[in-house]
Amino acid sequence: MEWNKGALLYEGKAKKVYESDDQRYVIVEYKDDATAFNGEKKGQIKDKRRVNNLISAKMFGILEERGIPTHYVKTLKDHEMVVKHCDIIPVEVIVRNVAAGGMAKKLGIDEGGDLIPPVVEYCLKSDSLSDPMINDDHIRALGLATEEEMEIIRSLSLRINEVLKEVYLKAGLGLVDFKLEFGRHEGEIILGDEISPDTCRLWDIKTGESMDKDRFRRDLGYVEEAYQEVLKRISAL
Ligand code: 5GP
């Protein structure tokens, strides 16, 4: 089947979504644009669109092999993939294995402590409200998802954590935390969005250095180099 980009359906901070010739699918184009602190900090990370598309494709492929349904269909170009069109549930799911970032700040604790069992958090996907944290009751009361859907989402998120931890570890990276988004496609809950150094906090096992978007957020330098290194290690698996 030939895939042609149709009308632009949506433009987000890191991706554009286009119609395809088949309404069951859309084409996602990744961007080099980088934002942090809810769009307050803006910049570009050279070649990020290729890195994030290719890492996401590899991770979605591995998850599918492990029986986790994702929106991924195929890689079209270095920075473009075809995905299943889904109705995105406006809830960001964060899974944390190690205290860091927003959680360390909110609770006034040091970064680096192991979290056993992993912590699952939900945030309302809303730029204007800075993605406030919500719980299962808010999600049900606001009609964002049903109880059954949230049970599936929580269980898939924990299974995804186990797979991603294992894969990143093979690449010499510790998976500190990450963000997932889910959607509904033909009656099924599937994983959407991306899995990349933009959405995962990754610490090098040997040096402890950040190999993710924190290099951009915290002005740590060597941002492009870290993204390229993650792609190199993941591609070699
Ligand atoms: P934190 O709550 O510590 O800021 O983020 C936890 C994890 O989820 C980090 O790996 C972070 O990259 C990811 N994350 C949370 N919210 C967002 C978001 O709005 N966009 C992206 N790209 N990642 C997010």
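Worth saying up front: this structure is predicted, and the values here are computed from it rather than measured. Residue numbers here run from 1 along each chain, matching the order of that chain's written sequence. Selection of residues for local features in this predicted model requires a pLDDT of at least 70, selection of side-chain atom pairs for listing and counting requires 80 or more, and totals for whole chains, interfaces and linings are taken over all residues. With hydrogens and water set aside, each side-chain value is computed from the structure's full complement of heavy atoms.

Trainee: Residues and numbers for the side chain of S20, please.
Mentor: Residue position: S20 is located in the loop between β2 (15-19) and β3 (25-30). Here a polar contact is recorded for every N or O atom pair within 3.5 Å, except that within protein the pair must consist of a potential hydrogen donor and a potential acceptor, and residues adjacent in sequence are included only if both atoms are side-chain atoms. Among the polar contacts listed, one links the side chain of S20 to the backbone oxygen of D22, at a separation of 2.8 Å. Polar contacts involving the side chain of S20 include one to the main-chain carbonyl oxygen of Y25, which spans 2.9 Å. Leave out the neighbours within four places in its chain, and S20 touches W3, N4, Y25, V26 and I27. Note on conventions: DSSP H or I runs of at least 4 residues are helices, E runs of at least 2 residues are strands, and numbering of each starts at the N terminus. Residue contacts are counted whenever heavy atoms from the two residues lie within 4.5 Å of one another.

Trainee: Quick rundown of the site of the ligand? Include the residues and the values.
Mentor: We call a residue near a molecule or strand whenever a single non-hydrogen atom of that residue lies within 4 Å of it. If you check the shell around the ligand, you find 14 residues, and the closest are R96, G102, D177, R201 and R217. The separation between an oxygen atom of the ligand and a polar side-chain atom of E92 is 3.5 Å. Every element with two or more residues in the shell around the ligand is listed here: β9 (91-98), α2 (101-107), β12 (173-180) and β15 (200-204). Asp, Glu, Lys and Arg are counted as charged, while Ala, Val, Leu, Ile, Met, Phe, Trp, Tyr, Cys and Pro are counted as nonpolar; the rest, among them Gly, fall into the polar class. Tallied by class, the residues present in the shell around the ligand amount to 3 nonpolar, 3 polar and 8 charged.

Trainee: Give a description of the sheet that holds strand β13 (residues 182-185) that names residues and reports values.
Mentor: In a beta sheet, neighbouring strands are held together by backbone hydrogen bonds and run either parallel or antiparallel to one another. What the 3 strands build is an open sheet, ordered β8-β13-β14; its pairing is antiparallel. The open sheet has two edge strands, β8 (87-88) and β14 (188-191), and neither has a second partner. Where β13 lies against β14, 4 bridges are found, and the strand directions are antiparallel. When the sheet's bridge partners are listed, G183 is paired in β14 with I190. Strands were regarded as paired on the criterion that DSSP finds at least two bridges between them.

Trainee: Pulling in residues and values, what's your account of the nonpolar core?
Mentor: Within this scheme, the nonpolar core is defined by two criteria: the residues are buried Ala, Val, Leu, Ile, Met, Phe, Trp, Tyr or Cys, and they are joined through side-chain atoms within 4.5 Å. Three labels apply to residues, based on accessible area from a 1.4 Å probe with only protein chains included: buried if under 20% of the type maximum, exposed if over 50%, partly exposed otherwise in between. Ranked by internal contacts, the top residues of the largest apolar core, which has 56 residues, are I160, Y168, F182 and I195. Top contributing element to this core by residue count: helix α4 (residues 147-170), with 8 residues. In terms of nonpolar packing, the next biggest core, distinct from the first, is built from 5 residues, W3, Y25, I27 and V82 among them.

Trainee: If you had to explain a negative patch on the surface to someone new, which residues and values would you point to?
Mentor: Only residues whose relative accessible area exceeds 30% and that form no salt bridge enter a patch; like-charged residues are grouped when within 9 Å of one another, and nonpolar side chains (Val, Leu, Ile, Met, Phe, Trp, Tyr) when within 5 Å. Here the accessible surface of atoms and residues is derived via Shrake-Rupley with a 1.4 Å probe, and residues count as covered only by protein chains that are part of the display. Any carboxyl oxygen of Asp or Glu within 4 Å of a side-chain nitrogen of Lys or Arg constitutes a salt bridge here. In this tally Asp and Glu are treated as negative and Lys and Arg as positive; neither His nor the chain ends contributes. Charge placement uses NZ in Lys and CZ in Arg. For Asp and Glu, CG and CD serve respectively. Judged by side-chain charge, D136, E147, E148 and E151 come together as a negatively charged surface patch. Take the negative patch: its biggest share by element is 3 residues, from α4. Inspection of the secondary structure puts E148 in helix α4.

Trainee: Which residues make up the side chain of E80, and what values go with them?
Mentor: As for its placement among the helices and strands, E80 is situated in strand β7 (residues 80-84). A polar atom in the side chain of E80 sits 2.8 Å from the side chain of K5. What E80 contacts, discounting residues up to four positions off in sequence, is K5, I27, V28, E29, N53 and T75.

Trainee: Describe the pattern of salt bridges, naming the residues involved and giving the relevant values.
Mentor: For the structure on display, the rule yields 31 salt bridges. Taking the shortest distance from any N to any O, the salt bridge between E11 and K31 comes out at 2.6 Å. Here K31 lies in the loop between β3 and β4 (33-36) and E11 lies in strand β1 (residues 8-11), a separation of 20 residues in the sequence. According to the relative accessible area criterion, E11 is partly exposed, its value standing at 44%. According to the relative accessible area criterion, K31 is buried, its value standing at 11%.

Trainee: How would you explain helix α1 (residues 48-65) if you had to name every residue and give the values?
Mentor: The length a helix should cover is 1.5 Å for every residue beyond the first. Here α1 is 18 residues long and its end C-alpha atoms lie 26 Å apart, about the 26 Å a rise of 1.5 Å per residue gives. The set of residues buried in α1 consists of K48, V51, N52, N53, I55, S56, A57, M59, F60, I62 and L63. A positive backbone phi angle near 85° is found at G67, which sits one or two residues after α1.

Trainee: Tell me about the sheet that holds β12, residues and numbers included.
Mentor: Taken together, 5 strands build an open sheet; the order of strands is β11-β10-β9-β12-β15 and the sheet is antiparallel. Each edge of the open sheet carries a strand with a single partner, namely β11 (133-134) and β15. Bridge analysis of strand β10 (residues 114-124) against β11 gives 2 bridges, and the strand direction is antiparallel. The partner of Y122 across the bridge, within β11, is I134. Contacting β9, β10, β12 and β15, α4 runs over the sheet at an angle of about 155° to β12. To obtain each axis, a line is fitted to C-alpha atoms, and for helices this fit is confined to the stretch in contact; angles are then taken between N-to-C directions over 0 to 180 degrees.

Everything listed here is a matter of geometry and, on its own, says nothing about what the molecule does.
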